[in-house]
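What follows is the residue order along each chain.
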Amino acid sequence: MVSTLASYKVVHLQSVICNIMYYLLLRAVSKDYTTAECFVFIQRDGERSIVMAPAATSLIDGATVDQFFAGAVRDHALMVSSEISQVPHAGVLQFLKTAKHYGITSILDLDVSPTVAVNEAKLGSLEDLLQCVHVADILKPARHAAEELLLHLLSSSDKEKILSMPSSALVDQLRQLCGSQMVAMTAGSEGCAIATQQHLVEIPVSPLDKVVDATGAGDAFLGGLIASLYHKGFPQAKEQVVELGRLANKVGSVCCQVLGAVPDEFARRELQQEMKEFSSESLTGMML
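Every value quoted in this text rests on a predicted model; they were computed, and no experiment measured them.

(A) Molecular detail of the nonpolar core. In this structure, Ile84, Leu108 and Leu149 are the most contacted members of the largest nonpolar core, which totals 40 residues. Elements represented by at least two residues in this core include exactly helix 2 (62–76), helix 3 (89–101), strand 4 (105–110), helix 5 (126–135), helix 6 (143–154), helix 8 (167–178), strand 6 (182–186) and strand 7 (192–196). A per-element tally of this core places helix 6 first, with six residues. Counting 15 residues, the second-largest nonpolar core is a separate cluster that includes Ile194, Val201, Ile203 and Val241.

(B) Structural detail: the packing of aromatic side chains. Enumeration according to the criterion identifies one aromatic pair in this entry. Ring plane angle 80° and centroid distance 6.3 Å describe the contact between phenylalanine 69 and phenylalanine 95, whose orientation is recorded as edge-to-face. Within this pair, whereas phenylalanine 69 is found in helix 2, its partner phenylalanine 95 is found in helix 3, the two being separated by 26 residues in sequence. Given a relative accessible area of 13%, phenylalanine 95 falls into the buried group.

(C) Representation of the sheet that holds strand 6 within the structure. One open sheet holds the six strands; their spatial order is 3-4-5-6-7-8, and the pairing between them is mixed. Of all strands in the sheet, those bounded by a partner on one side alone are strand 3 (79–83) and strand 8 (200–203). Across this sheet, the average inter-strand angle for adjacent strands is 15°, counted without regard to direction. Summarising the sheet, strand 3 and strand 4 pair through five bridges and their orientation is parallel. Residue pairing for strand 4: serine 82 is matched across the bridge by leucine 108. Packed onto the sheet, helix 6 meets strand 4, strand 5 (138–141) and strand 6 and runs at close to 125° relative to strand 6.

(D) Just helix 5, in detail. Residues of helix 5 that are buried: Leu129, Leu130, Cys132, Val133 and Val135. For helix 5, the elements touching its buried residues are helix 3, strand 4, helix 4 (114–120), strand 5, helix 6 and helix 8.

(E) Spatial organisation of the layout of surface pockets. By volume, the second largest pocket amounts to about 1,200 Å³. In terms of lining residues, the second largest pocket is bounded by 44 residues, among which Arg48, Asp111, Ala214, Ala217 and Gly218 are the most central. Contributing elements (two or more residues each) for the lining of the second largest pocket: strand 1 (37–42), strand 2 (48–53), helix 4, helix 6, helix 9 (217–232) and helix 10 (238–255). If you tally residues by element for the lining of the second largest pocket, the top one is strand 2, at five residues. The residue makeup of the lining of the second largest pocket, split by class, is 22 nonpolar, 15 polar and seven charged.

(F) Geometry of the side chain of serine 82. In this structure, serine 82 sits in strand 3. Look at serine 82 and you get buried, because its relative accessible area is 15%. For serine 82, the contacting residues outside a window of four places in its chain are Val92, Phe95, Ile107, Leu108 and Asp109.

(G) Looking closely at the packing of helix 9 against helix 10. Two elements in contact, helix 9 and helix 10, have axes whose closest approach is 7 Å; the angle formed by their N-to-C orientations is 145°. Handedness of the helix 9/helix 10 crossing: right-handed. Across the interface between the two elements, Ala217, Ala220, Phe221, Gly224, Leu225, Ser228, Leu229 and Lys232 from helix 9 touch Glu243, Leu244, Leu247, Ala248, Asn249, Val251, Gly252 and Cys255 from helix 10. Grouping the constituent residues of the contact of helix 9 with helix 10 by class yields 10 nonpolar, four polar and two charged.

(H) Layout of a nonpolar patch on the surface. A cluster of nonpolar side chains, Val40, Ile42, Ile50, Met52, Val212 and Leu259, forms an exposed patch at the surface whose accessible area comes to about 470 Å². By the element assignment, valine 212 lies in the loop between strand 8 and helix 9. Residue classification places valine 212 among the partly exposed positions, given a relative accessible area of 32%.

About the cut-offs
- Residues numbered from 1 in each chain as written.
- Predicted model: local features only at pLDDT ≥ 70, side-chain atom pairs only at ≥ 80, totals over all residues.
- Heavy atoms only, no water.
- Core = buried A, V, L, I, M, F, W, Y, C linked by side-chain atoms within 4.5 Å.
- Buried < 20%, exposed > 50% of the residue type's maximum accessible area, 1.4 Å probe, protein only.
- Helix = DSSP H or I, 4+ residues; strand = E, 2+ residues; numbered from the N terminus.
- Phe/Tyr/Trp six-rings, centres within 6.5 Å; stacked < 30°, edge-to-face > 60°.
- Pairing = 2+ DSSP bridges.
- Axes fitted to C-alpha atoms, helices over the stretch in contact; angles between N-to-C directions.
- Contact = heavy atoms within 4.5 Å.
- 1 Å grid on protein atoms, 1.4 Å probe; cavity = no way out; pocket = protein on both sides within 12 Å on 5 of 7 lines; lining within 4 Å.
- Points joined across faces, edges and corners; volume = space filled by probe spheres on them.
- Nonpolar A, V, L, I, M, F, W, Y, C, P; charged D, E, K, R; others polar.
- Left-handed = near helix turned anticlockwise from the far one by under 90°.
- Patch = residues over 30% accessible without salt bridge, like charges linked within 9 Å, V, L, I, M, F, W, Y side chains within 5 Å.
- Areas by Shrake-Rupley, 256 points an atom, 1.4 Å probe, with all protein chains shown as cover.
- Salt bridge = Lys/Arg side-chain N within 4 Å of Asp/Glu carboxyl O.

Don't take any of this as a statement about function, it's just geometry.
Take a look at the structure:
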């Protein structure tokens, strides 16, 4: 019964995603715009440098969100996510506000530091970025982005103090200052830290023999987080928070073991093995 229900949920989620994409394609494809491009340069240790050419993505402002995305959020979305990366802050903010208006859970991925987003990527003002982190229900920052974000939220210049903060203290303070339901922070080989209103946990990640390519590891972590939230709902008990973090960690680490952030049979086997460690009432059916 659990497996059957989980399989139904996966099909249903895929159907929802397809409906939204079809809706957007019907309304938004035009020869007047060019597709965004991303170039990834991988280092020998698996780390990478990324060069982005946002193209049409840079045109997604608040008005564009209202025109092309609001209806899809209202009619189809069960949960939405956006990121501080390529889309202008004004567009991200309107998207998050739209989700909140319709009572849809929103997740904001913050993998780049606020300074880079504002000064180098020129996505918008710091004020708009700070609005985004206050509107989103769930934040998923990388550690370096979380540190700088906390500096801005506290209007502090004591960088060393924040850099030395334990991950659990950092996410807890971010959650309180932003009013978030959850903050799930990635910290590379150190794993993740998750704060909710009731619980505060740090979840280590199993060490890898070799990192092939770290591209997309944060996105993969977020995918595991979303999958757990979708199938199991928002965690209430501390054990459920740990379970959510373990799954997200595992998906992120598997991503680091394949080239190009493209899932393969190895990744599937690894995740299936991880699922066996959970009870049948937990995440077992999610891979079926």
